[in-house]
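Descriptive structure summary
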Amino acid sequence: MCLTLFSFCTFGYAQRKTEIVEPVIKENPDAGGKVIKRKVAIGRFSNETQYAKGIFYDKENDPMGKQALDILSAKLAASGKFLLLERSDLATLLEEAKKSDNGLATIGADYMIIGSITEYGRKNVGKSGVFSSTKSQIVEAAVAVRLVDVSTGLIIYSDEGKGSAELTTRTTMGVGGKADFDATLSDKAISEAIGQLVENIINKCTNKPWRTFFLSFDNDAQLIAGGASQGIKIGDKFTVKTKGKKVKNPQTGVMIELPGKTIGSVSIIEMAGDTPETEFSYVSFTGDATAIDTNKLSDYYIEEIK
């Protein structure tokens, strides 16, 4: 009888919990493993569902939106390819961008991500048999993101990912356990949805050569934006190009910048600055310096050699 009781207690209860395995993001082996980190601003992550929106709901302090933003930030930071910029004042920056000749460039990032939770649901389902019954908590979520190239204002990537997480308890002949409300299922469902989009975001940001611009070009100093925190090192070389002509695509009505003309190169000789936003580098220019109009430095850009 003791053996029977022992067997009953051992096998009468089972609990299954879905685990989300985070993907391992490997560094791109191209260019000898060197990666120049892109500056990315996560401009907004909103909750577009009706979940958790009671009478006292505060759109500016939505917990689910902040949860999704934190998860995306952590995944992008783990790749080692980005400098993430805080942009809590995004609305103000966008208003200023409309008044500026440089447009979205005033945001101070190479790319901006705008995201939203588009679907969210939590449900309990059960199944009863003669001797056993199961009960599951299931959370499903969908997340949409848009990736904007700040230099052009164009959306270069837009997609939606879906994820789910489940916790199941089982009882046999009345013996077993009962799972309480599990708040971590929300984290796991949102994390899985975002995880489906991260690799594409990384590829879109790093496929295009890194760019920066002249801050100063005269006999006293030749400076470009960017520094050590982005992975730039003394001795690195970059191509200097003129901005290409802009033409209008008759199919879409969007202005397209044609490839620029190479007029020289620069080498990094010294770096300075305290933060990613204020870092700059002293460079040595090789080429015909008279080809650069120092009164129109915005007509030129410095590009990574791929």
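Residues numbered from 1 in each chain as written. Predicted model: local features only at pLDDT ≥ 70, side-chain atom pairs only at ≥ 80, totals over all residues. Heavy atoms only, no water.

**Here we look at the nonpolar core**
Phe45, Leu72, Leu76, Ile190 and Ile194 are the most contacted members of the largest nonpolar core, which totals 31 residues. Within the residue set of this core, elements represented by two or more residues are strand 2 (38-47), helix 2 (63-78), strand 4 (111-128), strand 5 (132-149), strand 6 (154-172) and helix 4 (184-207). In terms of residues, this core owes the most to one element, helix 4, which gives 10 residues. Apart from residues lying up to four places away in sequence, leucine 72 is in contact with Ile42, Phe45, Ile113, Ile194, Val198 and Ile201. The next biggest cluster of nonpolar side chains, apart from the first, holds 17 residues, and it includes Trp210, Phe217, Ile224 and Val283. (Core = buried A, V, L, I, M, F, W, Y, C linked by side-chain atoms within 4.5 Å. Buried < 20%, exposed > 50% of the residue type's maximum accessible area, 1.4 Å probe, protein only. Helix = DSSP H or I, 4+ residues; strand = E, 2+ residues; numbered from the N terminus. Contact = heavy atoms within 4.5 Å.)

**Re helix 2**
With 16 residues, helix 2 extends 23 Å from end C-alpha to end C-alpha; this agrees with the ideal 22 Å at 1.5 Å per step. If you check which residues of helix 2 are buried, you get Met64, Gly65, Gln67, Ala68, Ile71, Leu72, Ser73, Lys75 and Leu76. One or two steps after helix 2, the chain reaches glycine 80, where phi turns positive at roughly 75°. (Expected span 1.5 Å × (residues − 1).)

**With respect to helix 4**
In a regular helix each residue adds 1.5 Å, so 24 residues correspond to 34 Å; helix 4 covers 35 Å between its end C-alpha atoms and thus fits that length. Its maximal kink placed at leucine 197, helix 4 deviates by approximately 30°. (Bend = angle between axes of the 7 residues up to and from the residue.)

**Re the sheet that holds strand 8 (residues 211-212)**
Taken in spatial order, the 7 strands make up an open sheet running 8-16-11-14-15-10-9, and their pairing is antiparallel. A single partner strand is all that each edge strand has here, and the edge strands are strand 8 and strand 9 (214-217). Pairing geometry for strand 14 (residues 262-272) and strand 15 (residues 280-287), over 8 bridges, is antiparallel. Bridge assignment links serine 267 to a residue of strand 15, and that residue is serine 284. (Pairing = 2+ DSSP bridges.)

**Quick word on the packing of aromatic side chains**
Using the criterion set out here, one finds 4 aromatic pairs in the structure. Between the aromatic rings of tryptophan 210 and phenylalanine 238, the centroid separation amounts to 5.5 Å while the plane-to-plane angle is 55°, which identifies the pairing as tilted. A residue pair is termed long-range when its members are at least 10 positions apart, and tryptophan 210 in the loop between helix 4 and strand 8 and phenylalanine 238 in strand 11 (residues 237-242) qualify at 28 residues. Given the relative accessible area of 2%, phenylalanine 238 is considered buried. Judged by centre distance (5.5 Å) and plane angle (80°), the ring pair of phenylalanine 217 and phenylalanine 285 falls under edge-to-face. Of this pair, phenylalanine 217 sits in strand 9 while phenylalanine 285 is found in strand 15, placing the two residues 68 residues apart along the sequence. Following the ring pairs from residue to residue traces out a cluster consisting of Phe214, Phe217 and Phe285. Residue placement shows arginine 211 over the ring face of tyrosine 301; its charged tip is 3.7 Å from the ring centre. (Phe/Tyr/Trp six-rings, centres within 6.5 Å; stacked < 30°, edge-to-face > 60°. Lys NZ or Arg CZ within 6 Å of the ring centre and 35° of its normal.)

**Focus: the environment of glycine 43**
Relative to the assigned elements, glycine 43 resides in strand 2. Here the alpha-carbon distance between glycine 43 and isoleucine 113, two residues 70 residues apart in the chain, equals 5.8 Å.

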